[in-house]
2 protein chains.
Amino acid sequence: MVYGARNRTSAGETGRDAIVFAAADCFMQAGYDATSIDDVAARLNATKGRVYHYYRSKADLFFDVQRRGMEINLATLEPIALGPGDPLARLTAMCRSHLSVMMEYLNFQRVVMQGVEMHLAGATTPAQRRELARLMAERERYEGLFRKVLVEGRQAGLFAFANPSFASKAVLAVLNNPVLWFRRRDGDDAASRQAIIDEFTAFALNCVRAA
Amino acid sequence: MVYGARNRTSAGETGRDAIVFAAADCFMQAGYDATSIDDVAARLNATKGRVYHYYRSKADLFFDVQRRGMEINLATLEPIALGPGDPLARLTAMCRSHLSVMMEYLNFQRVVMQGVEMHLAGATTPAQRRELARLMAERERYEGLFRKVLVEGRQAGLFAFANPSFASKAVLAVLNNPVLWFRRRDGDDAASRQAIIDEFTAFALNCVRAA
DNA sequence: TCATGGACATACTACCGCGTATGTTGGCAG
DNA sequence: CTGCCAACATACGCGGTAGTATGTCCATGA
């Protein structure tokens, strides 16, 4: 390999960004454990050196992918959840937005879901534990946005459920489901994507809608 | 270790069974990759020798855990799905039964869910590929039970949805959700468990119920 | 009572993948 | 022109783990 191949990937993808995107793809395809740092580097036509220049460990990289995913989610959903409109209208908009983001940033979202189930047994360093706590807090905050709107809607007589926490979990379960099976290029006309958004939004709303 | 410690765990847990149960626990706690064969053996107060005496590879063991889980699921749900009663009554019973089984056999169910997301990239041997195909077929069959009842209910005007496949996925997404956060000993009075069954059954039914 | 095989334990190998220590280069600042 | 540093590449060391080869014990039947 010629040392001088210093091609800053023309587009704005600065060092860290390119690595996070590559890592998101790898983690999505193979999962955390099955993805090696060499895999991530290979996807960049680079070597471990490049990755470890920006990240101190594999776990740190994994955390950063999740952080980016949650940043996107919160940035798009918070304005809607805290914005104007009656609870039903807001929840509808939240569902549509959530589904749209999920399918757009599929790789990041799948990594986020992996992180939820994993707890990453043994986050050794204190820094890692702190980062993990932050991620959990952001997830909790995201779910809290749904809970808030749901409770408001229940007081308005629009929704019906006993336990707000259960309700938010059920709604998110429905909304996250397409992440498990949706694939780009799978008849990816905007039409089919729109059909998924429409139908799963309806499912999610029906879950909690009052009779 | 004294060689003579041949204590056949009094109860009927024959060789294979004890291993599958231990493996289910380990895989549930730590996931597939993070679980070593030594971990499984340690949980049995035994060594790798015992595991490899019954299973030819780690993947085979993982498959067997999934197989047992799916066996339980199909055995309990098929009679209900194909039994008598109108579609709404049957779907209700299916939801309650599914939730009940999930919480009862939590460890197996979490392993099954892992298997769904994993595809176990690179099932090397043909035998493993065949076993994997069988598992996928059983999962498909299980989901098919829901689809069947859903379509029947739609024809009867009880349910409303566009795509039967989407509908079954949404229902199962709701029903499987408790597996992600439910823990034994977490205020495990039959009462709280019953509350979960009641509420998530309602969520699942509402998803697809006609207005 | 002796041989045989099932049910494990022990000891070992081979490999992979993380992290690190050390090069190598180009692009700045002065 | 020179020194310095960021941005990588290269080359290991080292631990952990899957799988194997072999040893040991017990039960059973002939």
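Observations concerning the overall build of chain A
What chain A contains, in helices and strands, is 9 helices and 0 strands. Considering chain A as a whole, with its 211 residues, one finds that 47% of them fall into the buried category. Taking the intrachain contacts of chain A between residues at least 6 apart in sequence as the baseline, contacts between residues at least 24 apart amount to 72%. Total accessible area on chain A is roughly 10,200 Å²; 55% of this is exposed by carbon and sulfur atoms.

Side note on the interface of chain B and chain A
Counting residues at the interface gives 25 residues for chain B and 25 residues for chain A. Along the contact surface separating chain B from chain A lie 0 salt bridges. Here chain B is connected to chain A by 6 residue pairs in polar contact (both at pLDDT 80 or more). Tallying contributions element by element places helix α8 (residues 164–181) of chain B first for the side of chain B that touches chain A, with 9 residues. Class assignment of the residues belonging to the side of chain B that touches chain A gives a composition of 15 nonpolar, 4 polar and 6 charged.

Some remarks on the relation of the copies chain B and chain A
Between the two copies, chain B and chain A, the superposition gives an RMSD of 0.0 Å; the rotation angle is 180° and the shift along the axis is 0.0 Å. Such a turn and shift between the copies fits a two-fold axis. Taking C-alpha positions as reference, the residue of chain B nearest the rotation axis is B:Cys207, located at 2.3 Å. When you check the interface residues of chain B against chain A, 100% turn up at the interface there too, and the contact is symmetric in its surfaces.

Calculation notes
Residues numbered from 1 in each chain as written. Chains lettered and ligands numbered in written order. Predicted model: local features only at pLDDT ≥ 70, side-chain atom pairs only at ≥ 80, totals over all residues. Heavy atoms only, no water. Helix = DSSP H or I, 4+ residues; strand = E, 2+ residues; numbered from the N terminus. Buried < 20%, exposed > 50% of the residue type's maximum accessible area, 1.4 Å probe, protein only. Contact = heavy atoms within 4.5 Å. Areas by Shrake-Rupley, 256 points an atom, 1.4 Å probe, with all protein chains shown as cover. Salt bridge = Lys/Arg side-chain N within 4 Å of Asp/Glu carboxyl O. Polar contact = N/O pair within 3.5 Å; in protein donor to acceptor, adjacent residues only side chain to side chain. Nonpolar A, V, L, I, M, F, W, Y, C, P; charged D, E, K, R; others polar. Least-squares fit on C-alpha atoms with pLDDT ≥ 70 in both.

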